Amino acid sequence: MSKFTQVNVPATGKTISVPTGLFINNEFVPSVDSQETIQCINPATEEPICSVVAGSAKDVDVAVAAARSALKTTWGKNVSGFERSRLLNKLADLIERDAQELAELEALNNGKPVKIARDFDIGDSVGCLRYYAGWADKIVGQSIDIDNKTKLAFTKHEPIGVCGQIIPWNYPIMMWAWKVAPALACGCTIVMKPSEFTPLTALKLSELVVEAGFPPGVVNTVPALGSVGGAALAAHPGVDKIAFTGSTVTGRKIMEAAAKSNLKKVSLELGGKSPQLIFESADIDQAANWAALGILYNTGQDCTAGSRVYVQDSIYDKFLQTLIEKAKALNIGNGFDEKSGGGPVVSKVQYDKIWSYIDAGKQEGAKCVLGGEKRPGKGYFVDPTIFTEIKPGMKIVKDEIFGPVLSVGRFKTEEEAINLANDTTYGLGAGLHSNDAGQCMRVSQALEAGTVWVNQYNLLYNNVPFGGKKQSGIGRELGSYALDEYTSVKAIQWNYGEKLD
Ligand code: NAD
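All values reported here derive from a predicted model rather than from experimental measurement.

A. Up close: helix H2 (residues 81-97). When the terminal C-alpha atoms of H2 are compared, their 24 Å separation across 17 residues agrees well with the 24 Å that a helix rising 1.5 Å per residue should span. Restricting attention to buried positions, one finds in H2 the residues Gly-81, Arg-84, Ser-85, Leu-87, Leu-88, Leu-91, Ala-92, Leu-94 and Ile-95. On its buried face, H2 sits against helix H3 (99-110), helix H4 (114-135), helix H5 (172-185) and helix H6 (200-212).

Okay, structure coming up:
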């Protein structure tokens, strides 16, 4: 297989040169032993885009060795925070320069609208790299007095080491940036495994890593199947930390592999079944806007998707009608069509999974009040779908669907609302809409979630921590909190006077 392929962008008539190999030591190389390839599909047309190498466990060994060597020589403790900051800023500039091309490649492989990929996913990623560029020279320890006469201790926040980073397909560029930026700021080296559904932009970004001037081996990219390359990284004795975003099922496997190998540090950003509570004092129009955004953004393929909405009885009918109107207004179509507010779902697997849930919702007796009908023709399109008359045990109420499928229930009291919201094994996001300040404070404290949005939903900022409670994950991304995930604290205890008899 050649090192690069020319990808056609039918909507623009342009071609994009995309690397197809493994990215190790700043070069695109073939697999050491695998003849397998990963075929990338355009989810809007179901047509193949191109194929890239499917890395093997041995390829992971080579990439980990490259990352270890860089950690010991050109990176890790051997590079100053100022230099790490400079390089991260340079990488951010290059991504900003190539934003349109990267957005087109993202849209082609993932399906999302080009303008959303460019203005939100890539805009946020550039901001994330710059945010952590700001931290790189400010990662400092403490000086701790022991007795003020003979002894002092101080701490150093050292890079944790070689990091395996396993990312999903819903935000391929943004998840890359969320993982890469804090790791590099802290002086770690990386073996990145993108999702087998969306490896193209991670490979394209690898070219920019070279152009920015990062030394060889600092960032390595191994496109591979999860059960092969992902599993090899999680079990690797040479990997010091795994950062993972994806399903709870896979998160469990990663933790088990970490425990059985070298007890590497693990951070997991997993699934969710996030609730939004709409109280009677809420601005109904605004709450409906946020509820629609919560479930429909990224066609519902969002770990914080607000997939359960509970509405106070007194405003239920009015709110539901408003929400249906808002959801109907979203145009789901080809990501290269300027009019599309959302794209197809990422793959046939995901499409079939979502439809199995819609069918289950109907069979279990929920009432489908919007959508729920397949479109004719090509492409993995799923229109906004809303169920009412739901019951707690139903599959659509319990499971993460990862599609534009919303369950709407009702409640009488604040206490009932809180109990319904927390009745889940997940704890990633939660939203509440109310104009009663006391209620906002009480309910936000009672909700079991890593993020609670009040009178808004799904907004993320690079300086605000993000992560889950319960089975939604371990650890935090973003903000200063993410630095803890990529550093190891060393205490140095210094005796400058005490003599032992
Ligand atoms: P997944 O968890 O299988 O994949 C996520 C990443 O993990 C991919 O890079 C994949 O290659 C890798 N992986 C898979 N098996 C692995 C293993 N045994 N060891 C190490 N890495 C492995 O998710 P999926 O199958 O792509 O999607 C399934 C469901 O997961 C979705 O329907 C959705 O509910 C959920 N999901 C959640 C998120 C999120 O952001 N929390 C993202 C994607 C998918």
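B. Up close: unusual backbone geometry. One non-glycine residue with positive phi stands out, namely Asn-148, at about 65°. Inspection of the secondary structure puts Asn-148 in the loop between strand S7 (143-145) and strand S8 (151-159). Of note in the backbone geometry, Leu-263 takes a positive phi value of approximately 55° without being a glycine. Within the secondary structure, Leu-263 sits in the loop between helix H8 (248-260) and strand S13 (265-269). The exposed category is assigned to Leu-263, whose relative accessible area is 68%.

C. Quick look at the sheet that holds S8. Judged by pairing direction, the sheet is antiparallel, and its 3 strands sit side by side in the order S7-S8-S24 without closing on themselves. The open sheet has two edge strands with one neighbour each: S7 and strand S24 (487-495). In this sheet, neighbouring strand axes are inclined to one another by 25° on average, regardless of whether the strands run parallel or antiparallel. As judged from the 9 bridges shared by S8 and S24, these two strands associate in the antiparallel manner. Bridging across to S24, Thr-155 finds its partner in Ala-491.

D. Up close: the packing of H3 against H4. Remark: H3 packs on H4, axes separated minimally by 8 Å, with the N-to-C direction vectors making an angle of 120°. Relative to H4, H3 is oriented oblique. The element H3 and its partner H4 pack so that their crossing is right-handed. Contacts from Ala-99, Gln-100, Leu-102, Ala-103, Glu-104, Glu-106 and Ala-107 in H3 reach Val-114, Ala-117, Arg-118 and Ile-122 in H4. Classifying every residue of the contact of H3 with H4 by side-chain character gives 7 nonpolar, 1 polar and 3 charged.

E. How the structure looks around the site of the ligand. Taken together, the neighbourhood of the ligand is formed by 27 residues, with Trp-169, Glu-196, Ser-247, Lys-353 and Glu-400 sitting nearest. In this structure, Ser-247 approaches the ligand through a side-chain N or O atom, which is 2.7 Å from an oxygen atom. Coverage of the ligand by the protein chains reaches 88% of its 810 Å² of free accessible surface. Within the residue set of the shell around the ligand, elements represented by two or more residues are helix H7 (226-235), strand S12 (241-245), H8 and helix H11 (348-363). Partitioning the shell around the ligand into residue classes produces 11 nonpolar, 10 polar and 6 charged.

F. Structural context of the sheet that holds strand S18 (residues 405-411). The strand order across the open sheet formed by 7 strands is S16-S17-S18-S15-S14-S20-S21, and the pairing between neighbours is mixed. Taken across any chain shown, the strands that pair with only one partner, and hence form the sheet edges, are strand S16 (367-370) and strand S21 (451-454). Going across the sheet, the axis of each strand differs from the next one's by a mean of 25°, ignoring polarity. Against the sheet, helix H9 (residues 284-296) touches strand S14 (275-278), strand S15 (308-312), S18 and strand S20 (429-433), its axis set at about 170° to S14. Contacting S14, S15 and S18, helix H13 (residues 414-422) crosses the sheet at an angle of about 150° to S18.

G. Structural context of the side chain of Asn-42. Topologically, Asn-42 is positioned in strand S5 (residues 37-42). In this structure the side chain of Asn-42 is engaged in a polar contact, spanning 2.9 Å, whose partner is the backbone nitrogen of Ala-44. Non-local contacts of Asn-42, meaning those with residues more than four positions away in its chain, are made with Glu-47, Ile-49 and Leu-108.

H. View of the nonpolar core. Ranked by size, the top nonpolar core spans 77 residues in total, and within it Leu-91, Ile-95, Trp-176, Leu-184 and Phe-214 carry the most contacts. With 11 residues, H5 is the largest single contributor of residues to this core. The residues contacting Leu-91, other than those within four sequence positions of it, are Leu-129, Trp-176, Leu-208, Val-209, Ala-212 and Phe-214. Of all hydrophobic cores here, the second largest spans 30 residues; its members include Tyr-357, Phe-387, Ile-390 and Val-405.

I. The arrangement of the packing of aromatic side chains in detail. Taken as a whole and assessed by the stated rule, the structure comprises 11 aromatic pairs. Just above the ring of Tyr-486 sits the side chain of Lys-241; from NZ or CZ to the centre is 4.9 Å.

Calculation rules
- Residues numbered from 1 in each chain as written.
- Predicted model: local features only at pLDDT ≥ 70, side-chain atom pairs only at ≥ 80, totals over all residues.
- Heavy atoms only, no water.
- Helix = DSSP H or I, 4+ residues; strand = E, 2+ residues; numbered from the N terminus.
- Expected span 1.5 Å × (residues − 1).
- Buried < 20%, exposed > 50% of the residue type's maximum accessible area, 1.4 Å probe, protein only.
- Contact = heavy atoms within 4.5 Å.
- Pairing = 2+ DSSP bridges.
- Axes fitted to C-alpha atoms, helices over the stretch in contact; angles between N-to-C directions.
- Parallel < 35°, antiparallel > 145°, perpendicular 65-115°, else oblique.
- Left-handed = near helix turned anticlockwise from the far one by under 90°.
- Nonpolar A, V, L, I, M, F, W, Y, C, P; charged D, E, K, R; others polar.
- Near = heavy atom within 4 Å.
- Polar contact = N/O pair within 3.5 Å; in protein donor to acceptor, adjacent residues only side chain to side chain.
- Areas by Shrake-Rupley, 256 points an atom, 1.4 Å probe, with all protein chains shown as cover.
- Core = buried A, V, L, I, M, F, W, Y, C linked by side-chain atoms within 4.5 Å.
- Phe/Tyr/Trp six-rings, centres within 6.5 Å; stacked < 30°, edge-to-face > 60°.
- Lys NZ or Arg CZ within 6 Å of the ring centre and 35° of its normal.

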